[in-house]
Amino acid sequence: MRREAAPVIPTLDPNSLARFVDPLPLPVVVRPQGERAVPGKSGERVPFYRVSMRAIASKLHRDLPPTKLWSYGGSVPGVTFETQSGKGLLVEWVNELPTEHFLPIDHSLHGAERGTPDVRGIVHLHGGKTPPDSDGYPEDWYVPGQSRTYYYPNQQDPALLWYHDHAMGINRLNVYAGLLGLHVIRDQAEQQLQLPGGKYEVPLVLFDRHLRPDGQLSYPVSADSDHPWISEMLGEVPLVNGKIFPYLEVEPRKYRFRVLNGANGRFYRLSLPQGVEVHQIGTDQGLLPAPVAVTHLQLAPAERADLVIDFAPHRGTRIVLSDDAFTLMEFRVSAAPVSDPSALPATLRSVPRIAESTAVQTRWLTLDEQLKGVAQSMRMLLNKTPWHMPITEKPVLNTTEIWELVNLTDDVHPIHLHLVRFQILDRRRFDAFQYMSTGTLRYTEPARLPDPNEMGWKDTARVNGQTVTRIIVPFEGYAGRYVWHCHNLEHEDNEMMRPYEVLVAGGTARNGA
Ligand code: C2O
Ligand code: CU
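Asker: Just checking my understanding: could you explain the coordination of the copper ion (ligand 2) for this structure?
Answerer: Coordination angles at a metal have ideal targets, namely 109.5 degrees for four tetrahedral donors and 90 or 180 degrees for six octahedral donors. All of the protein donors around the copper ion (ligand 2) are H413 (ND1), C486 (SG) and H491 (ND1); their distances to the metal are 2.0 to 2.1 Å. Site description for the copper ion (ligand 2): donor spacing in sequence, H-x72-C-x4-H. Of the two residues, H413 sits in strand β27 (residues 413-417) while H491 sits in helix α4 (residues 489-493), which places them 78 residues apart along the sequence.

What follows is the structure, given as C-alpha cells:
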C-alpha cells in the first residue's frame, strides 16, 4: 500500500516567542439577563443567561497578530458561570457562528457526511447532572441562526465543571476552534472551609494548539485527502487561559488554582520547581476527603484538579509552572509579606467509598483500535461497536454498576460518562495479546488502587493501555439517553463514543426531570 506524505504545513515554533510578557487572562464571569420560569416546572424561576457562539480574533501572545477563534461569549476560554449547588439556571446557547468552517472536516466520519452542514454546534456541560434534553446529545446539533435553551438544575456537589461543544463528527474541530468554558458550582459547606477565594482563586485552563507562522490556528491532516482525520492532536504551542507563556503576579500567601485539561488529546504532567509545595484538594467532581501533596500532577483531557499552592516561603521570586513537554507560565511572587487568613484544612469532606457489593451489574467493555495496514489508525471503538448500533448499555436509575474498561490498545484513553459521577476501584494489567488471540484473560500483576489524588468523585478516568480499569457508578439523577466516550476528541469523533440509556425501574425510559 502506497502512503503519501502528509502535507507539510509550516508551523510557528513557540521557542521563537518571548516568555512571560503577557499577564494571565481571567475569563469574565457571565451575568444573568434576569429570571425565567423553568419550562414544565410551574412556578420555579431561575436566572436566565444568553451566551452566543461566535467568531472572534484574540491575541494569543504580545508579538502575534490576533488569531481567529470561535468562542462562547467573546473569549477563549469562554465566559465563566458562577453558580450555587441546588440553584438551577437556564442558558440560551445561540449559534452565531459563520456558515463556513475554517478547520478541515473529514466527511468520511460518521455524522460529518457530505450534505451535513459544515457549521453545527451543540453544548454539553461536562460533569453536569443534567436532564437528557439539556445534555447536548451529539446528534442534536443546530446551525447558525438557531439557538437552544438548556436547563441545568445544579443538584450536585460543588465542583469545577466545564462546557464545550459536542457536535457529532466535528466535535474535535469545534473545541479546537475555542468552544469551551468553565462552570463553577459552590456551596456553604465549601465556603466554610476558608479555602483561598476571591482574587486568590484562579482558574487555569490548559490546551495546546498548532499555529501557523502568522499566528492563525492550523489543525493537522493525514496523508489521505479523503480521510484527513488524525488519531492524535498534539500541538506545539502551549496556552494557559488562552495565552502563550503568560505570567501571574501573586502575593506570598496561599492560592487556589482550578485546573482543567481542556486539550483535545494531550496528557499533561505538571510540576513546579523543587521546594514549592502543592496540595491537591479536589478532582473532577469536587473536593477530595483530604489534601494530597503532589509533586507531579497527571491530567488527562477533561480531568480537573483543584490545587492549593502556598507562595509564602517564596517572597520575591519567580516560579515557573511546566509540563514534561512545555514551559507553561510564570508566577511572580511579590516581596512584601502579607497576612493570609485562608486555610488548608486537614480534612475537606467525606467521600465514602462505594462497596462493590452494592453493584447490581458488572459490564465488561473493551476499548479497541482498528488499524489500517501496520500502524495507521483507522478508528477507535468501545466494545467493538460503532455509534449507530442499537444501545447496549441500559443501567436502571438509582442502581449502581461496575464497569470494567478493558483497554486492548497501547494508549491511555480518558473515559467519560455523561450524567454520573463515579469512583475508580482499581487498575490491573493483563496480557492483551493473549486475550485478543485466544480470548483468555491473564492478569500480569495484582490490582492497583487508584492514586491518592483519584480517591474522590470522578467523571473521567484514565484507562491505561493493556489494563482493566474498574469504575463503580451510581446511576442517579435522570432517566433517558446519554453518551459515554473517550475524551481524546480525535478518538471520540471517530467512533469511540456510544449512547447509553438510563431506564426507570420496571419501565421504559422517560425524561425524569
Ligand atoms: Cu467533556 Cu461528552 O464530554
Ligand atoms: Cu481514546
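This is not the end of the story, as more comes after the structure.
Asker: Got a minute to help me understand the layout of surface pockets in this structure?
Answerer: Where empty space is left can be seen by rolling a probe of water-molecule size over the atoms. In this structure, the largest pocket occupies an estimated 450 Å³ of space. The wall of the largest pocket is formed by 23 residues, among which E82, R186, G197, G198 and E201 lie closest to the centre. Secondary structure elements with two or more residues in the lining of the largest pocket: β10 (180-186), α2 (188-191), β11 (201-211) and β16 (254-261). When grouped by side-chain class, the residues that make up the lining of the largest pocket number ten nonpolar, five polar and eight charged.

Asker: Looking at this structure, I do not really get the confidence of the model for the protein chain. What am I missing?
Answerer: Atomic detail in the predicted coordinates should be set aside for any region of low pLDDT. When the pLDDT values of the protein chain are averaged, the result is 95; 97% of them are 70 or greater. Every residue in residues 509-513 is under pLDDT 50, and counting partners more than four places away or in other chains gives 17 contacts.

Asker: For this particular structure, what's the right way to read unusual backbone geometry?
Answerer: Residue V76 is joined to P77 through a cis peptide bond whose omega torsion reads -5°. Tracing the backbone through its elements, the reader meets P77 in the loop between β4 (67-72) and β5 (81-84). Phi at N241 is positive, roughly 50°, even though this residue is not glycine. Residue placement: N241 occurs in the loop between β13 (237-240) and β14 (243-244). Phi at F245 takes a positive value of approximately 50°, unusual for a residue other than glycine. Looking at the secondary structure, you find F245 in the loop between β14 and β15 (246-250).

Asker: Please explain the nonpolar core as it appears in this structure.
Answerer: In summary, soluble globular proteins display a tendency toward joint burial of nonpolar side chains. Among the nonpolar cores identified, the biggest contains 92 residues, and F81, W93, L204, I244, F257, F311 and F331 are the most heavily contacted of them. Top element by residues in this core is β11. It accounts for six residues. If near-sequence neighbours (up to four positions away) are discounted, F331 is found in contact with L248, V250, F257, L272, F311, T317, R318, I319 and L321.

Asker: Just to check I follow, could you spell out the sheet that holds strand β26 (residues 399-407) for this structure?
Answerer: Paired through their backbone hydrogen bonds, the strands of a sheet run either parallel or antiparallel. Within the open sheet, the five strands sit side by side as β25-β24-β26-β30-β28. Their pairing is mixed. Each having just a single partner strand, β25 (376-382) and β28 (423-429) make up the two edges of the open sheet. On average, each strand axis in the sheet is tilted by 20° relative to the strand beside it, whichever way the strands run. The pairing of β28 with strand β30 (residues 467-475) spans six bridges and is antiparallel. If you follow Q423 over to β30, its bridge partner there is I472.

Asker: In this structure, what is going on with the pattern of salt bridges? I would like to understand it.
Answerer: In a structure, side chains of opposite charge can pair up when their charged atoms sit close to one another. Considering all chains together, one arrives at 32 salt bridges under this definition. Between K254 and D340 there is a salt bridge, with its nearest N and O atoms 3.1 Å apart. Within this pair, whereas K254 is found in strand β16, its partner D340 is found in the loop between β23 (327-333) and β24 (359-372), the two being separated by 86 residues in sequence. Classification of D340 by relative accessible area gives partly exposed; the value is 25%. Of the charged contacts in the structure, one is a salt bridge between R269 and D324, with a shortest N-O distance of 2.9 Å.

Asker: Mind showing me how you'd approach the environment of A325 here?
Answerer: Within the element layout of this structure, A325 appears in the loop between β22 (318-323) and β23. Put simply, A325 and E35 are 290 residues apart on the chain and 46 Å apart in space, counted from C-alpha to C-alpha.

Asker: Can you walk me through the sheet that holds β27 in this structure?
Answerer: Overall, antiparallel pairing links the four strands, which are arranged β29-β27-β31-β32 in an open sheet. Edge positions in the open sheet fall to β29 (460-463) and β32 (497-502), since each of these has one partner strand only. Shown here is a sheet whose adjacent strand axes are inclined to one another by a mean of 25°, direction ignored. Two elements, strand β31 (residues 480-486) and β32, share six bridges in a ladder whose sense is antiparallel. Each residue of the ladder has a partner; that of G480, found in β32, is V502.

Reading guide: rules and limits
- Residues numbered from 1 in each chain as written.
- Chains lettered and ligands numbered in written order.
- Predicted model: local features only at pLDDT ≥ 70, side-chain atom pairs only at ≥ 80, totals over all residues.
- Heavy atoms only, no water.
- Donors = N, O, S within 2.8 Å, 3.2 Å for Na, K, Ca; no water.
- Helix = DSSP H or I, 4+ residues; strand = E, 2+ residues; numbered from the N terminus.
- 1 Å grid on protein atoms, 1.4 Å probe; cavity = no way out; pocket = protein on both sides within 12 Å on 5 of 7 lines; lining within 4 Å.
- Points joined across faces, edges and corners; volume = space filled by probe spheres on them.
- Nonpolar A, V, L, I, M, F, W, Y, C, P; charged D, E, K, R; others polar.
- pLDDT = per-residue confidence, 0-100.
- Contact = heavy atoms within 4.5 Å.
- Core = buried A, V, L, I, M, F, W, Y, C linked by side-chain atoms within 4.5 Å.
- Buried < 20%, exposed > 50% of the residue type's maximum accessible area, 1.4 Å probe, protein only.
- Pairing = 2+ DSSP bridges.
- Axes fitted to C-alpha atoms, helices over the stretch in contact; angles between N-to-C directions.
- Salt bridge = Lys/Arg side-chain N within 4 Å of Asp/Glu carboxyl O.

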